[in-house]
Structures are given as structure tokens and as C-alpha cells.
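Geometric and topological summary
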Amino acid sequence: MRALVVEDEVGVASFIEGCLREASIAVDVAADGQAGIQLGRENAYDVIVLDLMLPIRDGFSVVRALRAEGVKAPVICLTARDAVDDRVKGLDSGADDYMVKPFSPAELLARIRALVRRTSAIATNPIRVGDLVIDVVARHVERAGRRIDLSAREFALLEYLARNVGHVLTRYMILEKVWDMNQDPLTNVVDVQMTRLRKKIDHGYATPLIHTVRGVGFVLRAD
Ligand code: CA
């Protein structure tokens, strides 16, 4: 999963960034409305966390601009405790949900998961591919009834493959979705991480599920 956080207060932005990274969500941060619109239109985010009080362009105008450009990513806006009107105005502008500051990491993650589930193309959970079962809510993976422990990054990678089962994903697509924008696109992190994931998912089983498509990328599929 990949999220955009648009928040000008450095402390709040890094708090949210930390919560999301902990939950193995890749995060990009924009510190003003204009930068938020730019990133939101350039990248396919699964969720956008948007503060309403922002410099240059406020949050209302950010969400309106993104919706006008056809960006469908779910938006959670952040409002101050006393600004009830803002919540309504935020939702009217095209946001999907709101949270009142201050909020706990658990609340933020619960809201994000609920929103993503609501809007995700694959609403089914768990996802089954052959004898592999991925519970994306409980973050539990097993194959042929045997539990597989994955690191946060491995899980994010597997989840992305599983949500696109049967579709070939390029290294660039994977890098875009599973890593954030600070990752150097010329590194081989995708291959390194894919090798680790394959060891856990495919080694010791008769049928491999993760396949390399030479010169293109990777696909998860049960033949
Ligand atoms: Ca602010």
C-alpha cells in the first residue's frame, strides 16, 4: 500500500508517517496544498491523509482539484477539534472520511484499512492463490496450512502481488507501490526482496506461485 500525507506541521506529519511505515505502508509527504495536488496527480495512492489547514492551497481546494482531475484515491481529512463546519465542508469537497486531531495511531490505521477495504478492487479477504492464503486484515499468511512469517516489507510486496493476481507487475510498478519516492529507482531492492519472499513462499513446495516474466517483471499465479 502507498499513502500520501499532506500536512504542514512537521511534528504531525512525521507522527503519521511513522504510524504508516510501522504498518508497512509506503509514505510520501507533502508540506503544502500545491505539492499535495502535484504528488496526488502523479502517483497512484491507495489513500491520502489530508490536513485541511495548509499553506498555499487549503485542504478543501486540494481534494476538489484532485477529484476534478479524476483522482479516486480515498481521502481522510484532518480537522481541528473545534472546527465542526470543516468536517462537513471537507466531505462535501470530495473527502471520504475525517479525523479530529489529536488521534491515536490505532484509530488512523483502522480508518485507513476500513476506507481501503471499501474502495479496493478486491474486497475479498482472505485472498487465496492456490494453497496460499493471505489474510490482509489480520496480516496472516499460510501455505498448505503452514504459517509463514513475513517481514513488513515482504508482506507489503506479497499483498501487492496478490491484489493483482495473474497480472504481471513490472519492477517499476512494484517500486512505486511498495516503496516510497525516496527510493533510488536504480537499486535492485525489488529483486533482493523478491528473492527473500520466494524463499518463504515457494521453497519446499512442489508448485511455485511467484513467477518471473523475463524482461518484464513478476506475477503471482497458481498454474
Ligand atoms: Ca496544518
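One can find the structure itself at the top, above this paragraph.
Notes on the structure in this doc start here.

Rules used in this analysis
Residues numbered from 1 in each chain as written. Predicted model: local features only at pLDDT ≥ 70, side-chain atom pairs only at ≥ 80, totals over all residues. Heavy atoms only, no water. 1 Å grid on protein atoms, 1.4 Å probe; cavity = no way out; pocket = protein on both sides within 12 Å on 5 of 7 lines; lining within 4 Å. Points joined across faces, edges and corners; volume = space filled by probe spheres on them. Nonpolar A, V, L, I, M, F, W, Y, C, P; charged D, E, K, R; others polar. Domains from an automatic or database assignment. Helix = DSSP H or I, 4+ residues; strand = E, 2+ residues; numbered from the N terminus. Buried < 20%, exposed > 50% of the residue type's maximum accessible area, 1.4 Å probe, protein only. Lys, Arg positive; Asp, Glu negative; His and termini not counted. Salt bridge = Lys/Arg side-chain N within 4 Å of Asp/Glu carboxyl O. Contact = heavy atoms within 4.5 Å. Expected span 1.5 Å × (residues − 1).

1. Quick word on empty space enclosed by the protein
A complete count under the given rule lists two cavities of 30 Å³ or more for this structure. Estimates place the volume of the second largest cavity at around 40 Å³. Lining of the second largest cavity is provided by Met1, Ala23, Ser24, Ile25, Arg113, Arg139, Ala156 and Glu159. Its residues assigned to classes, the lining of the second largest cavity shows four nonpolar, one polar and three charged. The two domains that each donate at least three residues to the lining of the second largest cavity are domain 1 (2-119) and domain 2 (127-220).

2. Things to note about the environment of Asn182
Assignment of secondary structure puts Asn182 in the loop between helix 7 (171-178) and helix 8 (189-201). Note on Asn182: relative accessible area 64%, which makes it exposed. Sequence spacing of Asn182 and Asp28 is 154 residues, and the spatial spacing of their C-alpha atoms is 8.2 Å.

3. Topic: the side chain of Asp86
Along the chain, Asp86 turns up in helix 4 (residues 84-93). Despite its burial, Asp86 pairs with no opposite charge, the nearest such side chain being Lys89 at 5.7 Å. With sequence-adjacent residues up to four places away left out, Asp86 is seen in contact with Leu52, Phe60 and Thr79.

4. A closer look at helix 6 (residues 152-163)
Think of an α-helix as 3.6 residues a turn; residues three or four steps apart then line up on the same face. Taking 1.5 Å of rise per residue, the 12 residues of helix 6 would be expected to cover 16 Å, and the 16 Å separating its terminal C-alpha atoms lies within 8% of that figure. The element helix 6 is largely enclosed, with a buried count of nine among its 12 residues.

5. A closer look at the pattern of salt bridges
Under the defined criterion, the tally for this structure stands at 17 salt bridges. Measuring nitrogen to oxygen at the nearest pair gives 3.3 Å for the salt bridge that ties Lys177 to Asp46. Linking Lys177 in helix 7 with Asp46 in the loop between helix 2 (33-42) and strand 3 (47-51), this pair joins segments that are 131 residues apart in sequence. Classification of Lys177 by relative accessible area gives buried; the value is 17%. A salt bridge links Asp191 to Arg171, with the nearest nitrogen and oxygen atoms 2.9 Å apart. Taken as a pair, Asp191 in helix 8 and Arg171 in helix 7 lie far apart in primary sequence, 20 residues in all. Judged by relative accessible area, Asp191 falls into the partly exposed class, the value being 26%. Residues joined in a network through salt bridges with shared partners are Glu7, Glu9, Asp51 and Lys101.

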